[in-house]
Amino acid sequence: MKLLVICLGNICRSPMGEGALRARLAASSLAGRVEVDSAGTSGWHRGQAPDPRAIACAARHGVDIAGLRARPLQHKDFRHFDYILCADARNLDDARVLAPPDAHDRAVLWLPWAGIAGASEVPDPWYGDEADFEHSWALLDAAAQATVQRLADTVESGIIGP
Ligand code: 4NP
């Protein structure tokens, strides 16, 4: 299984989502069996480390994302990844523009796909403060936890192989 987390800049939400997902996977029965990456629908921050506020937020939760580097989403990602997990509806629309017609459904809105109730989008904390980063982290980590549970259940039921 291969998962790609998407946001606009790939310096706030998606690197935090990638970090949360990596940490939740590492602590699960799926450790070492799921590939995770992140990308942005824009290439504005290509090659850059996550925003210092995102690095600090992840670190408060015991997750190190300082080594990640931003990259733009590419057409070929739709061939490589099973799911393109989008932070908000605009990201989903923008991602689908790049999708080959037969891979359109691989791009999903992450929170509802993971079964999170109450919120469908992870708000962009870029113009916000520490509390906004914490709110985004909480949603991303809830999605990461629910995703790991969903995949673990699917593997256990024999629907997908290891
Ligand atoms: P992200 O946040 O999509 O969560 O990485 C943003 C980062 C940068 C910008 C917008 C959103 N920007 O306008 O440069």
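Since the model is a prediction, treat every value here as computed from it, not as a measurement.

**Considering the overall build of the protein chain**
Then comes step 1: Looking only at helices and strands, one finds six helices and four strands in the protein chain.
Then comes step 2: Computed over C-alpha atoms, the radius of gyration of the protein chain comes to 15 Å, within 12% of the 15 Å expected from 2.2 N^0.38 for 162 residues, which places it in the range of a compact globule.
Then comes step 3: For the C-alpha atoms alone, the extent of the protein chain along its principal axes is close to 45 × 35 × 30 Å.
Then comes step 4: For the protein chain, with 162 residues in total, the buried portion stands at 45%.
Then comes step 5: A fraction of 71% describes how many contacts in the protein chain between residues 6 or more apart in sequence connect residues 24 or more apart.
Then comes step 6: Here the protein chain displays about 7,700 Å² of accessible surface, and carbon together with sulfur accounts for 52% of that area.

**As for the nonpolar core**
Then comes step 1: With 35 residues, the main nonpolar core has Met16, Leu21 and Trp110 as its most contacted residues.
Then comes step 2: At the level of secondary structure, the elements contributing two or more residues to this core comprise strand 1 (2-7), helix 1 (13-26), helix 2 (52-60), helix 5 (110-114) and helix 6 (130-156).
Then comes step 3: With nine residues, helix 6 is the largest single contributor of residues to this core.
Then comes step 4: Not counting the four nearest positions on each side in its chain, Met16 is found in contact with Ala54, Cys57, Ile65, Phe133, Ser136, Trp137 and Leu140.

**Describing the site of the ligand**
Then comes step 1: As a matter of local geometry, the ligand sits amid Cys7, Leu8, Gly9, Asn10, Ile11, Cys12, Arg13, Trp44, His45, Asp124 and Trp126.
Then comes step 2: In the model, an oxygen atom of the ligand is placed 3.1 Å from a nitrogen or oxygen of the Ile11 main chain.
Then comes step 3: Cys12 has a polar backbone atom sitting 2.9 Å from an oxygen atom of the ligand.
Then comes step 4: For the ligand, the protein covers 91% of the area, taking 360 Å² as the surface of the free molecule.
Then comes step 5: Taken together, the residues of the shell around the ligand sort by class into six nonpolar, three polar and two charged.

**Quick notes on unusual backbone geometry**
Then comes step 1: Its identity as a non-glycine residue notwithstanding, Asn10 has a phi of 60°, on the positive side.
Then comes step 2: Positionally, Asn10 belongs in the loop between strand 1 and helix 1.
Then comes step 3: On the accessibility criterion, Asn10 (3% relative accessible area) is buried.

**Thoughts on the pairing of strand 1**
Then comes step 1: Taking burial as the measure, the six residues of strand 1 include five buried ones, the bulk of the element.
Then comes step 2: By the bridge criterion, six bridges tie strand 1 to strand 2 (residues 35-40) in an arrangement that is parallel. Each residue of the ladder has a partner; that of Val5, found in strand 2, is Ser38.
Then comes step 3: Running through helix 1, the crossover from strand 1 to the neighbouring parallel element strand 2 is right-handed.
Then comes step 4: Note: strand 1 against strand 3 (residues 83-86), four bridges, orientation parallel. Considered in strand 3, the bridge of Leu3 is made with Tyr83.

**Comments concerning the pattern of salt bridges**
Then comes step 1: What the rule picks out here adds up to 11 salt bridges.
Then comes step 2: The partner of Arg22 in a salt bridge is Glu18, with the nearest N and O atoms 2.9 Å apart. Note that Arg22 and Glu18 are positioned in helix 1 at a spacing of four residues, about one turn of the helix.
Then comes step 3: Look at Glu18 and you get buried, because its relative accessible area is 3%.
Then comes step 4: The shortest N-O distance in the salt bridge between Arg79 and Asp102 comes to 3.4 Å. With Arg79 in helix 3 (residues 77-80) and Asp102 in the loop between helix 4 (89-98) and strand 4 (107-109), the pair connects residues that are 23 residues apart, well separated along the chain.
Then comes step 5: It is possible to trace a salt-bridge network through shared partners that takes in Arg13, Asp88 and Asp124.

The rules behind the values
- Residues numbered from 1 in each chain as written.
- Predicted model: local features only at pLDDT ≥ 70, side-chain atom pairs only at ≥ 80, totals over all residues.
- Heavy atoms only, no water.
- Helix = DSSP H or I, 4+ residues; strand = E, 2+ residues; numbered from the N terminus.
- Rg over C-alpha atoms; globule rule 2.2 N^0.38 Å.
- Buried < 20%, exposed > 50% of the residue type's maximum accessible area, 1.4 Å probe, protein only.
- Contact = heavy atoms within 4.5 Å.
- Areas by Shrake-Rupley, 256 points an atom, 1.4 Å probe, with all protein chains shown as cover.
- Core = buried A, V, L, I, M, F, W, Y, C linked by side-chain atoms within 4.5 Å.
- Near = heavy atom within 4 Å.
- Polar contact = N/O pair within 3.5 Å; in protein donor to acceptor, adjacent residues only side chain to side chain.
- Nonpolar A, V, L, I, M, F, W, Y, C, P; charged D, E, K, R; others polar.
- Pairing = 2+ DSSP bridges.
- Right-handed = clockwise from strand over helix to strand, strands pointing away.
- Salt bridge = Lys/Arg side-chain N within 4 Å of Asp/Glu carboxyl O.

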